[in-house]
Amino acid sequence: QVQLVESGGGLVPAGDSRRLSCKGSGGTFSTYPLAWFRQAPQKEREFVAAISWIDDETYYSDSVKGRFTISRDNAKSTMYLQMNNLKPEDTAVYYCAAAVVVGNVRIGSEYEYWGQGTQVTVSS
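Notes on the structure follow. The numbering scheme is per chain: residues are counted from 1 as the chain's sequence reads. Two thresholds apply to this predicted model, a pLDDT of at least 70 for residue-level local features and 80 or more for giving and counting side-chain atom pairs, whereas whole-chain, interface and lining totals are computed over all residues. For the side-chain quantities, the full set of heavy atoms in the structure was used; hydrogens and water were omitted.

**With respect to the nonpolar core**
Using the following cut-off: Within this scheme, the nonpolar core is defined by two criteria: the residues are buried Ala, Val, Leu, Ile, Met, Phe, Trp, Tyr or Cys, and they are joined through side-chain atoms within 4.5 Å. When a residue's accessible area, from a 1.4 Å probe over protein chains only, is under 20% of the maximum for its type it is buried; when over 50% it is exposed; and in between it is partly exposed. In DSSP terms, a helix is any run of H or I states spanning at least four residues, a strand is any run of E spanning at least two, and both are numbered starting from the N terminus.
Trp 36, Met 79, Leu 81 and Tyr 94 are the most contacted members of the largest nonpolar core, which has 27 residues in total. Those elements that provide at least two residues to this core are β3 (18-25), β4 (34-39), β5 (46-51), β7 (68-73), β8 (78-83), β9 (92-98) and β11 (118-123). Ranked by residues supplied to this core, first place goes to β9 with four residues. The next biggest cluster of nonpolar side chains, apart from the first, holds eight residues, and it includes Phe 37, Phe 47, Ala 99 and Val 105.

Shown next as C-alpha cells:
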C-alpha cells in the first residue's frame with residue numbers, strides 16, 4: 001500500500017518560514033493528486049492546499065493564500081509545503097494525503113492515503 005511520511009514541523013516564531021515535506025512510497029506517486037490538511041486540538045480537520053498531477057494545478061484555502069506554496073518533486077516522490085509569514089493560528093498537526101482520483105480536492109474523505117502528521121507550533 002501507499003505510505004506517506006511528513007517531516008519538517010517544529011516550534012516556529014511568528015513571521016518565520018518553514019518547509020514541510022511528505023515522502024511517498026509503495027505507489028505511483030507521480031499520478032496521484034496530493035494535498036495538505038491540518039488539524040488543531042478540538043477542531044475539525046481543514047483543507048490547506050492541493051496539487052494535481054495534471055499540469056501541477058494548485059489549490060489553496062483562503063487562510064493560506066499568498067503565504068503557502070505547495071509543490072511536488074516526482075523524481076524524489078516528495079511533496080512540499082512552503083509556509084511563509086507564519087501566524088499563531090497556523091498552529092496544528094499537518095497531514096499529507098494522496099488518492100488515485102479526487103472529485104473535490106478540498107474534502108478529506110476523498111483521499112485514501114494519509115501520513116502520520118507533523119506538528120507545527122507558531123508562537124509570538
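Structure's up, so let's keep going.
**Comments concerning the environment of Lys 43**
Examined against the element boundaries, Lys 43 turns out to sit in the loop between β4 and β5. Among the residues examined, Lys 43 registers a relative accessible area of 56% and is labelled exposed. In this structure the C-alpha to C-alpha distance between Lys 43 and Ala 92, which are 49 residues apart in sequence, comes to 9.5 Å.

**A look at the packing of aromatic side chains**
How we decide: Stacked, edge-to-face and tilted labels apply to pairs of Phe, Tyr and Trp rings (six-membered ring for Trp) whose centres lie within 6.5 Å, assigned for plane angles under 30 degrees, over 60, and everything in between, in that order. The rule for a charge over a ring is simple: NZ of Lys or CZ of Arg within 6 Å of the ring centre, and within 35 degrees of the ring normal.
Counted by the stated rule, this structure contains five aromatic pairs. Between Phe 37 and Tyr 111 the ring centres are 5.6 Å apart and the planes differ by 75 degrees, which places this aromatic pair in the edge-to-face class. One end of the pair, Phe 37, is in strand β4; the other, Tyr 111, is in the loop between β9 and β10 (113-114), with 74 residues separating them in the sequence. With respect to class, Phe 37 is no different from Tyr 111; both count as buried. Measuring from centroid to centroid gives 5.2 Å for Phe 37 and Trp 114, while their planes differ by 55 degrees, and the two rings are tilted. Of this pair, Phe 37 sits in strand β4 while Trp 114 sits in strand β10, and the two are 77 residues apart along the sequence. Put simply, the rings of Phe 37, Phe 47, Tyr 111 and Trp 114 pair up and form one aromatic cluster. Lying over the aromatic face of Phe 37, Arg 45 brings its terminal NZ or CZ to 5.7 Å of the ring centre.

**Focus on the environment of Thr 28**
Locating Thr 28 in the fold gives a position in the loop between β3 and β4. Residue Thr 28 is classed as partly exposed on the basis of its relative accessible area of 44%. In this structure the C-alpha to C-alpha distance between Thr 28 and Gly 8, which are 20 residues apart in sequence, comes to 23 Å.

**Some remarks on the state of the cysteines**
To keep things clear, this is the line we draw: Any two cysteine sulfur atoms within 2.5 Å of one another count as a disulfide.
Under the counting rule described, the total for this entry stands at one disulfide. Shown here is the disulfide that connects Cys 22 with Cys 96, its sulfur atoms set 2.1 Å apart. Looking down the S-S bond of the Cys 22 and Cys 96 bridge, the torsion is 60 degrees, so its handedness is right-handed. Pair noted here: Cys 22 is in strand β3 and Cys 96 is in strand β9, with a separation of 74 residues, a long-range link. Taken individually, Cys 22 and Cys 96 each receive the classification buried, so the pair is uniform in this respect.

**Let's talk about the sheet that holds β3**
Defined as follows: Strands pair, by our definition, only if DSSP identifies at least two bridges between them. Axis lines are fitted to C-alpha atoms, over the contacting stretch for helices. Their N-to-C directions set the angle, which ranges from 0 to 180 degrees.
The strand order β1-β3-β8-β7 describes an open sheet built from four strands, whose pairing is antiparallel. Lying at the two open borders of the sheet, with one neighbouring strand each, are β1 (3-7) and β7. Strand after strand, the sheet turns through a mean of 15 degrees between neighbouring axes, direction not considered. Of the pairings in the sheet, the one linking β3 to β8 comprises six bridges and is antiparallel in character. For Arg 18, the partnering residue across the bridge sits in β8 and is Met 83.

Note that every value here comes from positions in space, so none of it alone points to a role or purpose.
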